[in-house]
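In case you want the letters, here they are:
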Amino acid sequence: MVNKDLYIPISLSYHSIGIKVEEEATWVGLGWRLNSGGIITRMIRGENDFGVAEHLDTQEALGYPFEHIKPCFDDCEENENDEFHQKVCAGEIDSDPDIFFFDILGSKGKFLMTPDHDPTKEFIEINMLRPRKMQVRFYIQDNYWTAQDSRGFKFTFKAREITNSFDNYYDYKLESHKLHFLEHFNQATTSWYLTKVESPQGAIAEFIYDITENGNSPYASNSTGHKMNINDGDVWDLHYSSYCFPSEIENVQIVSENQHRDVYLKSIISGDYIVSFNKSERENQTPLQVKKSSQADGKYLSSIPEGFGLQQLNEIIVTKGGKTITKTKFSYSYFNEELYGNAAYLYKRLKLDSIAILNEGKQKGYKFDYEEEIPLPSKESHARDLWGFYNGEEDLYNITPSDFYNYSQPEKLLQEEGKSKHYSLEYIQAGILKKIDYGEGRTIEFAYDHQEFEEIDEEISSHFSDNMRNSNFSKHLNPFLFGGLRVKEIIDSYPTEKIYKDYNYKPDGKETGRLIIAHYSHDHHGYGHKTSGNHGVKYSKVRIKTGKLFRGKKF
């Protein structure tokens, strides 16, 4: 869509890193994502940062941006006292900043809020430095965002997705039982969707969502999450939540049941253009018995009316001046489609089979094949490696820790009391995209390998404890392994020839991968907290060899 100096891209992308055990399909299928606007989303840590803005009656803390505390990044001595700990554990202080992620028309980054803001002010302002300079504001009382980049484009985010979470905490016994000792209810806005873009020349694009007049979404979906906090200071990093648990409890299993008020794009309007998105309800809905927390003052996870569960995108229609220009149709089936019964929803995930595009009388299409010889596991399976990917080693007690920094995978942690958390290249490929058929005899096939690295950024290794550092550098798999996949080979087939591309990540005989941690996008204001979470592997050099494939031989 082009309107004066405003360009609104709409595209479909696929992540080939692998399907995680708990991963649910988007409305365009498992592993796929429709890029059609923008979003600000967040990972809540501790209490809700915007408890004040959301007027929560279930949260005592104001939220991290409004706390009068010293940020605990490098020097935590000021906060290390009994009174501070007690208030954190009682929920009176939010000690950890939430991490926010943004995607604005393809421009991506992350940021966090600094403390000591006045909650009575109109807005909080943040200056982004990368990927481009941008001024971002959060309007406290009305709970929405605006952004303006250095070129003068203005963005508004007002459509909100709300998540209710009901967490149960268990004293986790490896070989015996689980003892429930705590429950917690939380309600929070987890995403803000782009609703308007205005260009320097005055062109406007409006994004219309399928929500009610009061801004709430009638659509909802349920999910369940499992994670583990291991209270072992010699091995695992400890967050504030760990020392809030009773001292006699070593391992804490957290089972989270979540209900998401899903926000779906209905149309985009810009100048003479209108893009319409038509959807319908999927077959595989995650059931949920109505649950109510004794500590939530009547808040609950409710049943979902028929027709308002998880949706699938069926069609995109682009018109200009009332005339249809492009029509795109999506066809689906399900992974593990043959399964039936009460537990089938745990295994079934929406699978994008094909796309048909009709553009000015001409039609083209794409068909997709996936790795299905190894079936995808239950979304609640414990057969997962350290990064949450499927490893085929099902075990009742094999739950991924919520926080870990041991990327070397020493055998002590891989096989603690026989509980394996191995990485499996075979099983991690379950459900991954294998082939795209473009029609008329052309196909592209993909082969994968696991991610590896030799070097670790100092920003990461400097945060290891002595035990962890010694473990990582004296007893480890060589090279290091990292969760997920990377492309090893692509074969592009035509009716008369085949072209291959081999990806060599060891061009000089050594892995070029380096474990990195992404920097925040904002000005740090002297707080020194430049990185957090989102580790990844960056390859400084990849040698791509290409040639023809004939009778199984490469030339």
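Residues numbered from 1 in each chain as written. Predicted model: local features only at pLDDT ≥ 70, side-chain atom pairs only at ≥ 80, totals over all residues. Heavy atoms only, no water.

A.B. asks: Which residues make up the packing of aromatic side chains, and what are the values?
C.D. replies: Under the definition given, this model contains 27 aromatic pairs. Look at Phe111 and Trp145: their rings are 5.5 Å apart centre to centre, the planes differ by 75 degrees, and that puts the pair in the edge-to-face class. With Phe111 in strand β7 (residues 107–111) and Trp145 in strand β10 (residues 144–149), the pair connects residues that are 34 residues apart, well separated along the chain. Considered together, Phe111 and Trp145 belong to a single accessibility category, that of buried residues. Each ring, one from Phe453 and one from Phe482, has its centre 6.5 Å from the other, and the planes form 70 degrees; the classification is edge-to-face. Residue Phe453 is found in strand β27 (residues 442–453), and its partner Phe482 is found in strand β29 (residues 480–493); the two are separated by 29 residues along the sequence. A single burial state applies to Phe453 and to Phe482, both of which are buried. Taking the ring centre of Phe389 as reference, the NZ or CZ of Lys20 above it sits at 5.3 Å. (Phe/Tyr/Trp six-rings, centres within 6.5 Å; stacked < 30°, edge-to-face > 60°. Helix = DSSP H or I, 4+ residues; strand = E, 2+ residues; numbered from the N terminus. Buried < 20%, exposed > 50% of the residue type's maximum accessible area, 1.4 Å probe, protein only. Lys NZ or Arg CZ within 6 Å of the ring centre and 35° of its normal.)

A.B. asks: Break down the side chain of Ser493 for me, citing the residues and quoting the values.
C.D. replies: Mapping Ser493 onto the fold places it in strand β29. Among all residues touching Ser493, those that are not within four sequence positions of it are Gly441, Arg442, Thr443, Glu445 and Lys498. (Contact = heavy atoms within 4.5 Å.)

A.B. asks: Summarise the environment of Ser36; cite the residues concerned and give the values.
C.D. replies: Relative to the elements of secondary structure, Ser36 occurs in the loop between β4 (32–35) and β5 (38–43). Judged by its relative accessible area of 15%, Ser36 falls in the buried class. Considering only alpha carbons, one finds Ser36 and Pro9, 27 residues apart in sequence, at a separation of 6.5 Å. With residues up to four places along the chain from it excluded, the contact list for Ser36 reads Pro9, Ile10, Phe207, Leu265, Ile268 and Phe277.

A.B. asks: Now, about the confidence of the model for the protein chain: what can you tell me, with residues and values included?
C.D. replies: Summarising the model, the protein chain shows a mean pLDDT of 82, and 79% of its residues fall at 70 or more. Note on residues 401–419: pLDDT is under 50 here. Beyond four places in sequence and across chains, it has 64 contacts. (pLDDT = per-residue confidence, 0-100.)

A.B. asks: Run through the layout of surface pockets, naming residues and quoting values.
C.D. replies: Space inside the second largest pocket adds up to approximately 710 Å³. Lining the second largest pocket are 27 residues; nearest its centre among them are Ile10, Ser11, Leu12, Thr328 and Ile357. Those elements giving two or more residues to the lining of the second largest pocket turn out to be β3 (11–14), β4, β17 (273–281), β20 (311–320), β21 (323–335), β22 (349–359), β23 (362–370) and β26 (433–439). Among the residues making up the lining of the second largest pocket, the classes are represented as 21 nonpolar, five polar and one charged. (1 Å grid on protein atoms, 1.4 Å probe; cavity = no way out; pocket = protein on both sides within 12 Å on 5 of 7 lines; lining within 4 Å. Points joined across faces, edges and corners; volume = space filled by probe spheres on them. Nonpolar A, V, L, I, M, F, W, Y, C, P; charged D, E, K, R; others polar.)

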